[in-house]
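The residues making up each chain are set out below.
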Amino acid sequence: MSVIIIGAGLGGLSLARGLRRAAIPCQVYERDESPGARKQGYRLHISGVGDSALHDVLPPELHELFRATAGRALPHTNVYDDRLRLRARLEDEGTHLNINRFTLRQILLHGQAVAYGKRFTHYETDEDGVTAFFADGTSARGSLLVGADGINSAVRRHYLPHAQVVDAGLVHLYGRIPLTAEARALFEPEMFAVFSMMVGPDRTMAGFAPVDYPEPVAQACARLAPDLRLRDDEPYMTCSVGARWEVVGHTEAELAAMTPGDLRKVALGLVDGWHPLARAMVEHWDVPATFPQPIRTSIPIEQWEPSRVTLVGDAIHAMSPAGGAGANTALRDGAVLASALAGSPPLDAVAAYESAMVAYGFDAVRESAENGRRYLGQNPLTAEA
């Protein structure tokens, strides 16, 4: 058995890691030219679900490195109004690890071969396997094709054309605040939590969460993976300002054409008149790191007939960030599918994986959408969304 994985995001790399541990041949194909070619976000919250998946797919020393480079956030989410009055504190005593997204990707990539610059176009299946075709004229043959190619998945469009991904009605402007001594002093101790957000009367939101390293990153690498050099090692507070499109007053194309400095001006306008902390956070942004991110969500669908093609992560269950579950669910997908493939023939394994994934994956989509509706004014999750 051999597996073709389209996409080197968290779900695809989790799967590749799990297959490697099970001695199942696989190859990852990624359309980007390099791992850091696109801005894809900053801090990730890894819950017990994600940590368990990483434990299952990573070698012990790399799982320990993940935990050594992940900050221990306070186990709650703070909800403030625009005057910084605490309206709710949502407690959760589970596992809460805040890690830099690219740090986790580098750990998952370590020692793995990925073919970059490979834009998937289509596939063909037969009784014996599946062939993937790429824009450069090459192809790859395997027993199973896994679409791990994100929210705009070309594999999903080919395989499940009825599966919808829709606009959630929101856009976030993402930035990060280097945690210098001056910037750290902006935040009260209880704000170094899983997540904090200030919510205005029109559901405009300024959200923030820390990425603090428990020990120097170079020291952790030297101790656990001496041949790995992690690129990012400075603490920061991730910070995003989000609102409904009509409140932002710019189209997706207009935001995409703006400079990072202009995007920051839009963010400052959205929090104008709020508590001074909101403006201070945006003013402390590392401006070149600013980018816009429209929020989209999948619409849950009924389980389909299993085949030699399947999907993981955002390719099948993209969700609003309001549940903090997207990365964890993608990591879980990779671990569950790898485990199934290690113990069963491909079609049986895919059937078992999809039966589980459709349930937990779309449950996470629904929960994230409800959180987004309640706090951020996200569109209701309906087939007509």
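The structure we're discussing is the one just above.
Read on for a plain summary of the structure. (Residues numbered from 1 in each chain as written. Predicted model: local features only at pLDDT ≥ 70, side-chain atom pairs only at ≥ 80, totals over all residues. Heavy atoms only, no water.)

### So, the sheet that holds strand S2 (residues 26-30)
Taken together, five strands build an open sheet; the order of strands is S8-S2-S1-S12-S18 and the sheet is parallel. The open sheet has two edge strands with one neighbour each: strand S8 (114-116) and strand S18 (309-311). Each adjacent strand pair in this sheet contributes to an overall mean axis angle of 20°, direction not counted. Two elements, S2 and S8, share three bridges in a ladder whose sense is parallel. Bridge pairing links Tyr29 to Ala115 in S8. Most of the contacts of helix H1 (residues 10-21) go to strand S1 (residues 3-6), to which it runs at about 160°, and overall it touches S1, S2, S8 and strand S12 (144-147). (Pairing = 2+ DSSP bridges. Helix = DSSP H or I, 4+ residues; strand = E, 2+ residues; numbered from the N terminus. Axes fitted to C-alpha atoms, helices over the stretch in contact; angles between N-to-C directions. Contact = heavy atoms within 4.5 Å.)

### Observations regarding the sheet that holds strand S15 (residues 205-211)
Judged by pairing direction, the sheet is mixed, and its seven strands sit side by side in the order S6-S5-S14-S15-S16-S13-S17 without closing on themselves. Where the open sheet ends on each side, the last strands, each with one partner, are strand S6 (86-91) and strand S17 (291-298). Here the average twist between neighbouring strands, direction ignored, is 20°. Alignment of strand S13 (residues 165-178) against S17, held across eight bridges, turns out to be antiparallel. Each residue of the ladder has a partner; that of Val171, found in S17, is Pro294. Where helix H14 (residues 346-376) meets the sheet, its contacts fall on strand S5 (74-81), S6, S13, strand S14 (193-199), S15, strand S16 (236-244) and S17, and the angle it forms with S14 comes to roughly 40°.

### What about the nonpolar core?
If you look at the biggest cluster of nonpolar residues, it comprises 85 residues, and the most contacted ones within it are Ile6, Leu65, Phe66, Leu104, Phe120 and Leu145. With nine residues, H14 is the single largest residue contributor to this core. Not counting residues up to four positions away in its chain, the partners in contact with Ile6 are Tyr29, Phe120, Ala132, Phe134, Leu145, Val146, Gly147, Ala148, Asp149 and Val155. (Core = buried A, V, L, I, M, F, W, Y, C linked by side-chain atoms within 4.5 Å. Buried < 20%, exposed > 50% of the residue type's maximum accessible area, 1.4 Å probe, protein only.)

### Describing the environment of Gly323
Here Gly323 lies in the loop between helix H12 (314-317) and helix H13 (326-343). The class of Gly323 is partly exposed, set by a relative accessible area of 34%. When the C-alpha atoms of Gly323 and Asn371 are compared, they prove to be 6.3 Å apart, with 48 residues separating the residues in sequence. Leave out the neighbours within four places in its chain, and Gly323 touches Ser368 and Asn371.

### Describing the packing of aromatic side chains
The full count for this structure, using the stated rule, is six aromatic pairs. Seen from their ring centres, Tyr42 and Tyr236 are 6.3 Å apart, and the 75° between their planes marks the pair as edge-to-face. Pair noted here: Tyr42 is in the loop between S2 and strand S3 (43-46) and Tyr236 is in strand S16, with a separation of 194 residues, a long-range link. On the basis of relative accessibility, which here comes to 9%, the residue Tyr42 falls in the buried class. Since its relative accessible area comes to 5%, Tyr236 is described here as buried. With 5.5 Å between their ring centres and 20° between their planes, Tyr174 and Phe291 make a pair best called stacked. Linking Tyr174 in strand S13 with Phe291 in strand S17, this pair joins segments that are 117 residues apart in sequence. (Phe/Tyr/Trp six-rings, centres within 6.5 Å; stacked < 30°, edge-to-face > 60°.)

Geometry only, nothing functional implied.
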